[in-house]
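Examining the three-dimensional arrangement
Each chain, letter by letter, is given below.
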Amino acid sequence: MTLAKLLVAIGATTSAYHRAMARVRGDLDATERRAHRFGKTFRTAGDGLRAFARNALLIATVGVIALSGALAGSVKAAVAWEDAFAGVRKTVEASEPEFRALERGIRDLATTIPITAAELAGLAETAGALGIAKENILEFTRVTALIGITTDVAAQDAATALGQLSNVLGLTGADYERFASTLVDLGNKGASTESQILGIASRAGAAAKLLDLSTSATLGWSSAVASLGIEVEAGGSSLQTFFLRTAKIAGKGGSKLTVLAKIAGTTAKKFKTAFGKDANGALVMFLRGLGKLDKAQRILALDELGLDDIRLTRTILGLADSLDRNLVPSLETANAAWEKNNALQVEAAKRIATAKSQWQLLKNTLYDIGITLGTVLLPRLTPLITKLRDFITRHQPQIENFAIRLGR
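These lines cover the structure that appears in this document, whether it is placed above or below. (Residues numbered from 1 in each chain as written. Predicted model: local features only at pLDDT ≥ 70, side-chain atom pairs only at ≥ 80, totals over all residues. Heavy atoms only, no water.)

**Quick look at the overall build of the chain**
For the record, the criterion: Where helices and strands are cited, they refer to DSSP runs of H or I of at least four residues and of E of at least two residues respectively, numbered from the N terminus. Burial status follows relative accessibility: with a 1.4 Å probe on protein chains alone, a residue under 20% of its type maximum counts as buried, one over 50% as exposed, and anything between as partly exposed. Only heavy atoms matter for contacts: two residues are in contact if any of them lie within 4.5 Å across the pair. Only the protein chains shown count as cover for residues, and all accessible areas are computed by the Shrake-Rupley method using a 1.4 Å probe.
Of regular secondary structure, the chain possesses 19 helices and zero strands. When burial is assessed residue by residue, the chain has 42% of its 408 residues classed as buried. Long-range pairs, those at least 24 residues apart, make up 73% of the contacts in the chain between residues at least 6 apart in sequence. Counting every atom, the chain has about 22000 Å² of accessible surface; 59% of that belongs to carbon and sulfur.

**Observations concerning the side chain of Ser192**
Along the chain, Ser192 falls in the loop between helix H6 (173-189) and helix H7 (194-210). Sequence-distant contacts of Ser192, that is, excluding residues within four places in its chain, are made with Leu186, Gly187, Ile197, Ser223, Ala226 and Ser227.

**Considering a nonpolar patch on the surface**
We count it as follows: Residues enter a patch when their relative accessible area is above 30% and they make no salt bridge; the linking distance is 9 Å between like charges and 5 Å between nonpolar side chains (Val, Leu, Ile, Met, Phe, Trp, Tyr). Throughout this description, the term salt bridge denotes a Lys or Arg side-chain nitrogen within 4 Å of a carboxyl oxygen of Asp or Glu.
Together, Trp359, Leu362, Leu366, Ile369 and Leu373 give the surface a local cluster of nonpolar side chains, amounting to about 510 Å² of exposed area. Mapped onto the elements of the fold, Leu373 is located in helix H17 (residues 355-377).

**Looking at a positive patch on the surface**
Spelled out, the test is: For the purpose of charge, His is not counted, nor are the chain termini; Lys and Arg are scored as positive and Asp and Glu as negative. Charge positions are represented by NZ for Lys, CZ for Arg, CG for Asp and CD for Glu.
Taken together, the side chains of Arg245, Lys248, Lys252 and Lys256 present a region of like positive charge at the surface. Per element, the largest residue contribution to the positive patch is three residues, and it comes from helix H9 (residues 232-252). For Lys252, the position within the fold is in helix H9. Taking relative accessible area as the criterion, Lys252 reaches 69% and is therefore assigned exposed.

**What to know about H9**
Put simply, the rule is: Take the number of residues in a helix, subtract one, and multiply by 1.5 Å to get its expected span. Any pair of nitrogen or oxygen atoms within 3.5 Å is treated as a polar contact; in protein, a donor-acceptor pairing is required on top of that, and neighbouring residues in sequence qualify only through side-chain atoms on both sides.
In this model H9 runs 30 Å from its N-terminal to its C-terminal C-alpha over 21 residues, within 8% of the 30 Å that 1.5 Å per residue would give. Looking at H9, one finds that the buried residues are Ala234, Gly235, Gly236, Ser238, Leu239, Phe242, Phe243, Thr246, Ile249 and Ala250. If you check the start of H9, you find a side-chain oxygen 3.1 Å away from the backbone N of Glu233, and it comes from Glu231. Within two residues after H9, Gly253 carries a phi angle of roughly 80°, on the positive side.

Below, the structure written as structure tokens:
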């Protein structure tokens, strides 16, 4: 081979070598870049995994806090309910199965009437304290709760008044709703409020029972007296006195009975018989006759009858003067409402349909769930709380960091 050819061959080989080395360096550079990217990705992934772990821990911690709050709320509800129902156990004599049925019944009422279960238990406790028969307590509680949402009478006041009147008038579970419907209808249609009617009836109820007046008539007379604008205590006392003194006159006879009968437009014998059969009708006859006398004659007549007390005179003359526009319509309304027995439910439906009542019912339902859960949890309460407290204590720094990040 000539020198020239040798040099050409050496040059070609050198060029091929350089090209090969360039390719190798290029591959190495590419590999390094890929390795760098991979490393960066790996580090990012690592950071992400660590961040995920931290966030998962925080989420778990927050979840535990939320769960512990829910459980604590359930336990609180169960404890509060247990305390409320303890009052019922104190005043009611019943077997354990009867108590369980009553407890379930009261809690169910709270999901249909916008009054808390604890308040309902208070009404049942009052029923027991006032001697309401255990088989009537749930109905008593339901009706007094409905009075509380449909009238100006607080439920607890309604329970006290109805409980006392039940003993005086001999009301049973079947009468409670009729009583409440009559009260509501009189309040809606008359010039008196339900609280005024109930207050007067509570004071005059025993005397009305003595005259054998019906419960509806007792409420009708009470509404008429309340519509006169007389203060409740004075009106109740005056009505009671009117009933008792006229009953005494009718029973004893003599000159006073003659005067009473004459004003009523009949004889003493007939009036006494009428009073014995229908005291309500006899008293209306007397008031109608009294209203026909002039003012001077009225005063003299009441004086002869021993009905001359200032407050009593005001009540009697007020009833006589407004007989056909007040007392008679009140008695008719009361009798009709007692028979129809729907005024309470009609009014209650209106109140329960309001947004405020629906919101309370939702809260009551959730509260009842809390009672159920809390009752199951109560026996396990101590160890559960200990574990939750220990967990939260161990992760307090993460919770604090989470709170700081929320505030940014």
